[in-house]
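Summary of structural features
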Amino acid sequence: APFGTYRCLGHDAWLAISCETEEHWRALVQGLGSPDWAQDPRFATREGRREHRRELDPQIGEWTAQHTPRQAMWLLQRAGAPAFEVSSNEDLYFDLHLRERGFVRRGSFPGWPNAEYRGPAVVLSETPGQIRKGEPQLAEDNYAVLGGLLGLSRQEVDRLTEEKVVY
């Protein structure tokens, strides 16, 4: 402890902190500006911080609420504390580093020519992973699911479709 996400300045803005060692804790305290509450004996040990996390987390949250996630991240990381902004999908989409590493891919799928999409989170050298198919169209997989998985005949699937039980 502390270990979790803390609300920051801005709409739905968060910072993740993960202190696993005493060194992390000391770096966090330094990054927070060495507040008086950090000297509380309840927070002197890892076990104490874990036991009193309900008292500790709001103290950290008061500090993070005064900063954007990126500001808080840089201040804490500069001190050596393990902290990182929680990124939204929009943040990830526009991140230049992730784009350079191929996180955002481009492809063509039925109904979506020249689409951009998120690539695999992990890229392995021998099996790099790929998206083979776009999102299914409405009812595209009815025969595979209702017939293949549930064992209905093609006629039964057609009847359910005609009766608008399925689309």
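Before reading further, recall that the structure is shown in the block above.
Residues numbered from 1 in each chain as written. Predicted model: local features only at pLDDT ≥ 70, side-chain atom pairs only at ≥ 80, totals over all residues. Heavy atoms only, no water.

Overview of the nonpolar core
With 22 residues, the main nonpolar core has Leu15, Ile17, Trp25, Leu28, Trp37, Ile60 and Leu76 as its most contacted residues. For this core, the secondary-structure elements that each account for two or more residues are β2 (14–18), α1 (22–31), α3 (53–64) and α4 (69–79). It is α1 that provides the largest number of residues to this core, a total of four residues. Those residues in contact with Leu28, other than ones at most four positions away along the chain, are Pro2, Ile17, Cys19, Ile60, Leu76 and Ala81. (Core = buried A, V, L, I, M, F, W, Y, C linked by side-chain atoms within 4.5 Å. Buried < 20%, exposed > 50% of the residue type's maximum accessible area, 1.4 Å probe, protein only. Helix = DSSP H or I, 4+ residues; strand = E, 2+ residues; numbered from the N terminus. Contact = heavy atoms within 4.5 Å.)

Points about the sheet that holds β2
Taken together, the three strands give an open sheet; going across it, the order is β1-β2-β3, and neighbouring strands pair in antiparallel fashion. Edge positions in the open sheet fall to β1 (3–7) and β3 (83–86), since each of these has one partner strand only. Across the sheet, the mean angle separating the axes of adjacent strands is 25° when strand polarity is ignored. In terms of strand pairing, β2 meets β3 through four bridges, oriented antiparallel. Across the sheet, residue Leu15 finds its bridge partner in β3, namely Glu85. Across the sheet, α3 is in contact with β1 and β2; its angle to β1 comes to roughly 45°. (Pairing = 2+ DSSP bridges. Axes fitted to C-alpha atoms, helices over the stretch in contact; angles between N-to-C directions.)

Details of the packing of α1 against α4
Running from N to C, α1 and α4 point in directions that differ by 130°, and their axes come no closer than 8 Å. In terms of orientation, α1 and α4 fall into the oblique class. Here the hand of the crossing between α1 and α4 comes out right-handed. Residues Ala27, Leu28, Gln30 and Gly31 of α1 form the contact with α4, whose participating residues are Leu75, Leu76 and Ala79. Of the residues that constitute the contact of α1 with α4, the class distribution is five nonpolar, two polar and no charged. (Parallel < 35°, antiparallel > 145°, perpendicular 65-115°, else oblique. Left-handed = near helix turned anticlockwise from the far one by under 90°. Nonpolar A, V, L, I, M, F, W, Y, C, P; charged D, E, K, R; others polar.)

What about a nonpolar patch on the surface?
Taken together, Val145, Leu149 and Leu150 make up a surface patch of nonpolar side chains, about 320 Å² in accessible area. By the secondary structure assignment, Leu149 is in helix α7 (residues 142–149). We classify Leu149 as exposed; its relative accessible area is 69%. (Patch = residues over 30% accessible without salt bridge, like charges linked within 9 Å, V, L, I, M, F, W, Y side chains within 5 Å. Areas by Shrake-Rupley, 256 points an atom, 1.4 Å probe, with all protein chains shown as cover. Salt bridge = Lys/Arg side-chain N within 4 Å of Asp/Glu carboxyl O.)

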